[in-house]
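Read off the chains here:
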Amino acid sequence: MRAVERGAQTPSTIPALNRRGFLAATAAAGLGATALSACSDSGSGSTDSSGRTVVEWWNIQTTEPSKSLWPKRAKDFEAAHPDVRIKLVTLENDAYKAKMTALTSSGKLPDIYHTWGGGVLQQQIDAGLVEDLTASVKPWSGTLVPASRAPYEFDGKTYAVPFDIGAVGFWYNKALFKKADIAAPPSTWADFLDTVQKVKDAGITPLALAGKEKWPGMYYWAYLSMRTAGVDGMRKAIDGKDFTGDPFVTAGRHLKDLVGLDPFQKGFLGAGYSTPNGEAATMGNGKAAMELMGQWAPVVQADAGKGIGDDLGFFPFPAVAGGSGAATDVFGGGGGYAVRKGAPDAAAEFLKFFMTAESDRILVTKGALMPVVKEARSALTDPNLKAVSDALGKSTGFQLYLDQALPPAVGQEVNDSVAALIAGSKSPEQVTRSLTQVAKSQ
């Protein structure tokens, strides 16, 4: 399930266009009445034959256990609110993205709908299509893990409620670390490079990487940029469309230092993420000591490979000496629900119900999600997911995935340029110039 969720957050799915550009892109895509038909006049914000208010709820929970859990949560709400009917519309990721693009261009959104935050939500807000939930959630927003709220807050206002949150970090093989005589995970970048070399000297592949898919390599540059520039520096670069500052060049140089150690598995440039012999399988079959990946990694490792069970551990991305970023700043993302402008009051009431501590415990224990309500963190039993949750709970800053936080063309350029740096065909300076050039062209 985690692989599906991350796969939903690719550059092509995260437009952050101005309204004119978004409408033009939609028209070019040729999405018409068929795509719009799922959000019908008879469903959204209307009443049914029994006089109940109908709240249409679009989601992408197509896999178990969430596929069964989501309707159950809707029924539980209806039982407590007999005057409301929750109408679920469940779509596969690609179908959802296509239809939401068309619906946004038409100015007609579902009452409640899935969002990853970032550029798409910002565009919908700018178009006046999203309900400001600030007042509705204020009484209980303090119960949420702060990092989980970050992707949905703009200019001090809240426009969506999170139901899942995660962070990227290093997953490592304890048995291989022991074989390489490494007592503990590294806490600084210099120590990390030393660890990579020690693992390699022991005849073990240090890192698994899906070079073909590019976004896993982007994680290295993004995290290094956060550590050197800081979250505020990253935000300034995104807003100013200028990545040529020294911290971003330095981030590229740090990554180049890593690449110079030849740390990745043989054939990594052509490797996929969840494919046979790809990154997750390499890690899951015990053929690499580490991978930099999100909280879904253990599930995909076990699915693509055999999984390494109790030998799997997690540690945060190391601190970088001289950088402005804190070691407690986190890079990641999750999922949330926004409400259309003018939706029935029952829509916001349902989100309040959905995100109580009791409800979130159910999502964590039965839905295999990461907790977003502080009190629900006790429902986690997996020690590695607890480590991810602890990192989120203690985070001092949060940066959304760059291929979601940035406009699509810029997000693609991040992936492409970093992949070129890893392959040796671009310098750190060229990466920052390319990003800036594409950013300024948007």
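No experiment lies behind these values; they were computed from the predicted model shown.

1. Some details on the overall build of the protein chain
- In terms of regular secondary structure, the protein chain is built from 20 helices and eleven strands.
- Of all 442 residues assigned to the protein chain, the portion counted as buried reaches 55%.
- Summarising the internal contacts of the protein chain: among those between residues at least 6 apart in sequence, 76% fall at separations of at least 24.
- Carbon and sulfur atoms provide 50% of the accessible area of the protein chain, an area that totals close to 17600 Å².

2. As for the pairing of strand β9 (residues 312-315)
- Side chains L312 and F314 of β9 all project onto a buried face; the interleaved residues G313 and F315 project onto the opposite face, where all are buried too.
- Both strand β7 (residues 169-173) and β9 contribute to a ladder of four bridges, which runs antiparallel. The residue of β9 that forms the bridge with W171 is F314.

3. Points about the pattern of salt bridges
- Taken as a whole, this structure holds 14 salt bridges when the rule is applied.
- A salt bridge links R235 to D239, with the nearest nitrogen and oxygen atoms 3.3 Å apart. Note that R235 and D239 are positioned in helix α11 (residues 215-240) at a spacing of four residues, about one turn of the helix.
- A relative accessible area of 38% means that R235 is categorised as partly exposed.
- With relative accessibility at 56%, the residue D239 sits in the exposed group.

4. Concerning the sheet that holds β7
- Taken together, three strands build an open sheet; the order of strands is β8-β7-β9 and the sheet is antiparallel. The open sheet terminates on both sides in strands that have one partner only, identified here as β8 (290-293) and β9. Adjacent strand axes in the sheet meet at a mean angle of 30° when their direction is disregarded.
- Most of the contacts of α11 go to β8, to which it runs at about 80°, and overall it touches β7 and β8.

5. Brief notes about the environment of Y401
- Relative to the assigned elements, Y401 resides in the loop between β11 (397-400) and α18 (402-405).
- Note: C-alpha distance between Y401 and G411 (ten residues apart in sequence) is 9.2 Å.

6. Things to note about the packing of aromatic side chains
- Evaluation of the coordinates by the stated rule reveals 36 aromatic pairs.
- Pairing F170 with Y220 gives two aromatic rings, centres 6.0 Å apart and planes at 65°, and the pair type is edge-to-face. Of this pair, F170 sits in strand β7 while Y220 sits in helix α11; the two residues are 50 residues apart in sequence, bridging distant segments of the chain.
- Measuring from centroid to centroid gives 4.7 Å for Y172 and F177, while their planes differ by 45°, and the two rings are tilted.

7. Considering unusual backbone geometry
- Positive phi, close to 55°, is recorded for K241, a residue that is not glycine.
- Its location among the elements puts K241 in the loop between α11 and α12 (246-259).
- Phi is positive for N277, which is not a glycine, with a value near 70°.
- Looking at the secondary structure, you find N277 in the loop between α12 and α13 (279-284).

8. Brief notes about the packing of α11 against α12
- Running from amino to carboxyl end, α11 crosses α12 at an angle of 175°, the nearest separation of the two axes being 7 Å. Classed by the angle they form, the pair α11 and α12 counts as roughly antiparallel. Across the interface between the two elements, Y220, W221, L224, S225, T228, A229, G233, M234 and A237 of α11 pack against P247, F248, T250, A251, G252, H254, L255 and L258 of α12.

9. Re the confidence of the model for the protein chain
- Looking at the protein chain as a whole, the pLDDT averages 88, with 90% of positions reaching at least 70.
- Here residues 1-43 is modelled with pLDDT under 50, and outside its nearest four sequence neighbours on either side it reaches 102 contacts, counting other chains as well.

10. Here we look at the packing of helix α19 (residues 408-423) against helix α20 (residues 428-441)
- Interaxial distance between α19 and α20 falls to 9 Å at its minimum, and their mutual angle equals 165°. By the angle class used here, α19 and α20 are roughly antiparallel. The hand of the α19/α20 crossing is right-handed. Contacts from A409, V410, E413, V414, S417 and L421 of α19 reach α20 at P428, V431, S434, L435, V438 and A439.
- Its residues assigned to classes, the contact of α19 with α20 comprises nine nonpolar, two polar and one charged.

11. A word on the environment of L421
- Relative to the helices and strands, L421 is located in helix α19.
- Considering only alpha carbons, one finds L421 and V431, ten residues apart in sequence, at a separation of 7.3 Å.
- Leave out the neighbours within four places in its chain, and L421 touches G252, L255, K426, S427, P428 and V431.

Conventions we followed
Numbers given for residues are sequential positions, taken from 1 along each chain in its written order. Local features in this predicted model are restricted to residues whose pLDDT is 70 or higher, and side-chain atom pairs enter the listing and the counts only when it is 80 or higher, whereas totals over whole chains, interfaces and linings include all residues. Water and hydrogen atoms play no part in the side-chain values, which are based on all heavy atoms of the structure. Counting from the N terminus, the helices are DSSP H or I runs at least four residues long and the strands are E runs at least two residues long. To sort residues, take the accessible area from a 1.4 Å probe on protein chains only and compare it with the maximum for the residue type: under 20% means buried, over 50% means exposed, and anything in between is partly exposed. Note on contacts: a residue pair qualifies if any of its non-hydrogen atoms lie within 4.5 Å across the two residues. Surface exposure here means Shrake-Rupley accessible area, sampled with a 1.4 Å probe, where a residue is shielded only by the protein chains that are shown. Between any two strands, at least two bridges found by DSSP are needed for them to pair. The rule for a salt bridge is simple: a side-chain nitrogen of Lys or Arg has to be within 4 Å of a carboxyl oxygen of Asp or Glu. Simply put, an axis is a line fit to the C-alpha atoms, just over the touching stretch for a helix, and the angle between two N-to-C directions goes from 0 to 180 degrees. Between rings of Phe, Tyr and Trp, where Trp is taken as its six-membered ring, a pair exists when centres lie within 6.5 Å; planes separated by under 30 degrees are stacked, by over 60 edge-to-face, and by other angles tilted. Angle categories: roughly parallel below 35 degrees, roughly antiparallel above 145, roughly perpendicular from 65 to 115, and oblique for all the rest. Confidence scores here are pLDDT values: one per residue, from the predictor, ranging 0 to 100. In this scheme the crossing of two helices becomes right-handed for a clockwise turn of the near helix relative to the far one and left-handed for an anticlockwise turn of less than a right angle. Residue type decides the class: Asp, Glu, Lys and Arg count as charged, Ala, Val, Leu, Ile, Met, Phe, Trp, Tyr, Cys and Pro as nonpolar, and the leftover types, Gly among them, as polar.

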